[in-house]
Amino acid sequence: MALSRYLTKLNIVFAMQLILVALAVLDVLPREAFLFSAGIFVLFALFEPIEETVFLIARSIPILVALPITDTFDSLNMWRLIVLIIFLKWFFDSQFADFFENLKTMFAKIGKPLEMIKFAWSRWRMEFLAALLFLISILSLLKADDLGIAVKRIIYFVNLGMLFFVIRATTSKENLKRLAWNVLISGIIVVAVGIIQLVTSYLIYIDNFAEFWALQFNQTLYGAAWANIAVNANTWFAYYYDTIHLRMFASFPDTHSFPLYLLIIICFAITLVISEKRKQFKYALYFFIALASAGLILSGTRGIWASIVFPIMFLIYLLWKKYADKSLLAYAAIPLIFFIALLPFSYIVFSSTQFKLKQSAQHQSVLRERIKSIIDTNETSNQGRIHIWKETLKSIAQNPLLGVGIGNFPTVLKQNPTATKAGSSAHNLYLNTFAELGIFGFIIFMMLTYEILKSAWKLFAGNQQPFERFFGLNAVIYLIWILWYSMTDVAIYDERAFLLLMILLGAIFAMSKNYANPSGFNQSSRA
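Residues numbered from 1 in each chain as written. Predicted model: local features only at pLDDT ≥ 70, side-chain atom pairs only at ≥ 80, totals over all residues. Heavy atoms only, no water.

Chemist: Is there a simple way to explain the overall build of the protein in this structure?
Modeler: A tally of helices and strands in the protein yields 22 helices and four strands. Looking at the protein residue by residue over its 527 residues, the buried ones come to 57%. For the protein, the proportion of contacts with a sequence separation of at least 24, taken over those separated by at least 6, is 76%. For the protein, the accessible surface area stands at approximately 23600 Å², while carbon and sulfur atoms represent 67% of it. (Helix = DSSP H or I, 4+ residues; strand = E, 2+ residues; numbered from the N terminus. Buried < 20%, exposed > 50% of the residue type's maximum accessible area, 1.4 Å probe, protein only. Contact = heavy atoms within 4.5 Å. Areas by Shrake-Rupley, 256 points an atom, 1.4 Å probe, with all protein chains shown as cover.)

Take a look at the structure:
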């Protein structure tokens, strides 16, 4: 009986995919085995409850792989099919009739456009803003140098956005904890791969390391195109003086999306702590959060390090204004404390010899130099960012209405639009959006961001249920961290990080819709 409890369809399908991915990475099985597992996932999505498929996606994000459909087309990730299936299943099962009935009511007001807009805004605020952003993206095609890339980019975001609506519809008070535990499983996979990666950096030469992670691991999971990018333009190493040190990236293609994924994982993990009664599980959660916090540091992503200031300031503000009990804020501060406390540990790692290179005196200053470089405008990476920001502002001034076209940012830097896949961007989410979509797209994007933060705040401020209130608090903290980090990067657009973000946002909106905001976004009833 105890064994049968774990032999569920969900666990069996997940275990099958995990084993297949491991065997393919080790070159025991060919990538074509993923076509079989993708078929199993499709059948699961078609015939199992949507809620179960959501849990399967939540735990499987790191092992949802690109499918080797042909030799030249091997980068279509299986999540695209699964998300599309559950979205259509949800829409036609429960939304179809209501959708057209509401549309009929709305268009009955077509003679009074202001009333029609007010109706849509009150009923479907997120849908309304998303539809506007979609229309602006379509209009931006008029300015796109590469129409194909622009169209693919629109399809990409529409496909990702579908998951948000499914999560919002299927998440409830009863299953939020289960969703969080399934998200945590994906975090365990990522952290475990990161630890293996760190260990191998001490055991093999750098050429062997790069060859395995680019041509074996990345090619197996993401296809030949990503493998080529990883070979030619990876961000996996920190170079100082004559030293080379690993910047942990785990199962991700780069070192910037990896810590963003960890931030969202930590948000769910620390939320689970407050409801966990079993001591061994609570200690295990603390241990995992400590490991994930170490991963944030070892990614070497300076924007992540610097932007921790803003979650800390937010918690101090809540404490000063007495928005919550000190004990609740203390729990929320635990991951931030781990991050700061583990900096000495990272000093040991960054000062050690990796890839069997010869020890040099400069090894001792790698971490210090990387921290100092955050505010060093003469540092090469920072100079590059400043140059890109200046060029982006020039482009915005020249193309203020429709931008240069969605997905076409590389044209701002006189690059081929295909460089988007290799990471060509404004290194600032907000400037990138403005440059690609123009002022109206930027305004809608910022309105969406505001609605997201408002809903998370409402879940925290207007809720007296401890678990849900704590979830809302953590959601605000980690959204602040992500949004400030996005001042220096657009890595949140990585499909794995964005999928998990859609799960987080869907859960926020699902839970916050039951609670009225007591006095607006900026006030709350205080604990």
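Chemist: What exactly am I supposed to notice about the nonpolar core here?
Modeler: Soluble, globular proteins show a tendency: their nonpolar side chains are buried together. In terms of nonpolar packing, the biggest core is built from 162 residues, with Leu-163, Leu-318, Phe-460, Leu-473, Leu-479, Trp-481 and Ile-503 touching the most fellow members. Tallying contributions element by element places helix H12 (residues 257-273) first for this core, with 14 residues. If we skip the residues at most four places from it in the chain, Leu-318 touches Tyr-323, Ala-324, Leu-329, Trp-457, Phe-460 and Leu-473. (Core = buried A, V, L, I, M, F, W, Y, C linked by side-chain atoms within 4.5 Å.)

Chemist: Is there a simple way to think about the packing of helix H15 (residues 309-321) against helix H16 (residues 326-341) in this case?
Modeler: Two numbers describe a pair of packed helices, the interaxial angle and the distance between the axes. Interaxial distance between H15 and H16 falls to 11 Å at its minimum, and their mutual angle equals 160°. By the angle between their axes, H15 is roughly antiparallel relative to H16. You can see that H15 and H16 cross each other, and the crossing is left-handed. Contacts between H15 and H16 involve Pro-311, Ile-312, Leu-315, Leu-318 and Leu-319 on the former and, on the latter, Lys-326, Leu-329, Ala-332, Ala-333, Leu-336 and Ile-340. Split into classes, the residues belonging to the contact of H15 with H16 amount to ten nonpolar, no polar and one charged. (Axes fitted to C-alpha atoms, helices over the stretch in contact; angles between N-to-C directions. Parallel < 35°, antiparallel > 145°, perpendicular 65-115°, else oblique. Left-handed = near helix turned anticlockwise from the far one by under 90°. Nonpolar A, V, L, I, M, F, W, Y, C, P; charged D, E, K, R; others polar.)

Chemist: How should I be thinking about the confidence of the model for the protein in this particular structure?
Modeler: As a note on interpretation, predicted positions should not be read in detail where pLDDT is low. On average, residues of the protein score 89 in pLDDT, and 88% of them are at 70 or above. Per-element averaging of pLDDT across the protein places helix H18 (residues 366-372) at the bottom with 58 and helix H4 (residues 50-60) at the top with 98. Confidence over residues 516-527 falls short of pLDDT 50; this stretch has 32 contacts with residues more than four positions distant or in other chains. (pLDDT = per-residue confidence, 0-100.)

Chemist: For this particular structure, what's the right way to read unusual backbone geometry?
Modeler: With the exception of glycine, most residues fall at negative phi, and the peptide bonds are largely trans. The residue Lys-414 is not glycine, and still its phi comes out positive at about 60°. In this structure, Lys-414 sits in the loop between helix H19 (380-398) and helix H20 (429-461). Looking at Lys-414, the relative accessible area reads 73%, which means it is exposed. Unusually for a residue other than glycine, His-427 sits at a positive phi of about 50°.

Chemist: For this particular structure, what's the right way to read a nonpolar patch on the surface?
Modeler: Together, Leu-401, Ile-439, Phe-440, Ile-443 and Met-447 give the surface a local cluster of nonpolar side chains, amounting to about 430 Å² of exposed area. For Leu-401, the position within the fold is in the loop between H19 and H20. (Patch = residues over 30% accessible without salt bridge, like charges linked within 9 Å, V, L, I, M, F, W, Y side chains within 5 Å. Salt bridge = Lys/Arg side-chain N within 4 Å of Asp/Glu carboxyl O.)

Chemist: I tried to follow the packing of aromatic side chains on my own but got confused; where do I start?
Modeler: The description of an aromatic ring pair uses the distance of the two centres, along with the angle that the planes make with each other. Scanning all chains against the criterion turns up 36 aromatic pairs. Centre to centre, the rings of Phe-209 and Phe-355 are 5.1 Å apart; their planes meet at 70°, and the pair counts as edge-to-face. In this pair, Phe-209 is assigned in helix H10 (residues 206-222) and Phe-355 in the loop between helix H17 (343-350) and H18, connecting sequence segments 146 residues apart. There is no split in this pair, since Phe-209 and Phe-355 are both buried. Summarising the aromatic geometry, the rings of Phe-434 and Phe-442 are spaced 4.9 Å apart at their centres and angled 20° between planes, so their arrangement reads as stacked. Overall, Phe-434 belongs to the buried group, its relative accessible area being 18%. (Phe/Tyr/Trp six-rings, centres within 6.5 Å; stacked < 30°, edge-to-face > 60°.)

Chemist: Which parts of the structure should I look at to understand the pattern of salt bridges?
Modeler: One pass over the structure, following the stated rule, counts ten salt bridges. With its nearest N and O atoms 3.1 Å apart, the salt bridge here joins Lys-9 to Glu-48. Taken as a pair, Lys-9 in helix H2 (residues 9-25) and Glu-48 in the loop between helix H3 (33-47) and H4 lie far apart in primary sequence, 39 residues in all. A relative accessible area of 17% places Glu-48 in the buried class.

Chemist: What am I meant to see in the packing of H2 against H4 here?
Modeler: Interhelical geometry of H2 versus H4 gives an angle of 30° and a closest axis separation of 10 Å. Here H2 is positioned roughly parallel relative to H4, judged by the angle of their axes. For the pair H2 and H4, the crossing hand works out as right-handed. Two secondary-structure elements touch here, H2 through Leu-10, Asn-11, Val-13 and Phe-14 and H4 through Glu-52, Phe-55, Leu-56, Arg-59 and Ser-60. Looking at the contact of H2 with H4 residue by residue, the class counts come to five nonpolar, two polar and two charged.

Chemist: Teacher, can you tell me more about H15 here?
Modeler: Since the α-helix advances by 3.6 residues per turn, residues separated by three or four positions end up pointing in the same direction. Along its 13 residues, H15 runs 18 Å from first to last C-alpha, staying within 8% of the 18 Å computed at 1.5 Å per residue. Of the positions making up H15, those classed as buried are Pro-311, Phe-314, Leu-315 and Leu-318. The buried residues of H15 occupy one face: seen down the axis, they fall within an arc of 95°. With respect to the buried face of H15, the exposed residues turned more than 90 degrees away are Ile-316 and Trp-320. Among the structural elements, helix H14 (302-307), H16, H20 and helix H21 (466-485) are those in contact with the buried residues of H15. Of the residues flanking the end of H15, it is Lys-322, one or two places downstream, whose phi is positive at about 55°. (Expected span 1.5 Å × (residues − 1). Arc of directions from axis to C-beta.)

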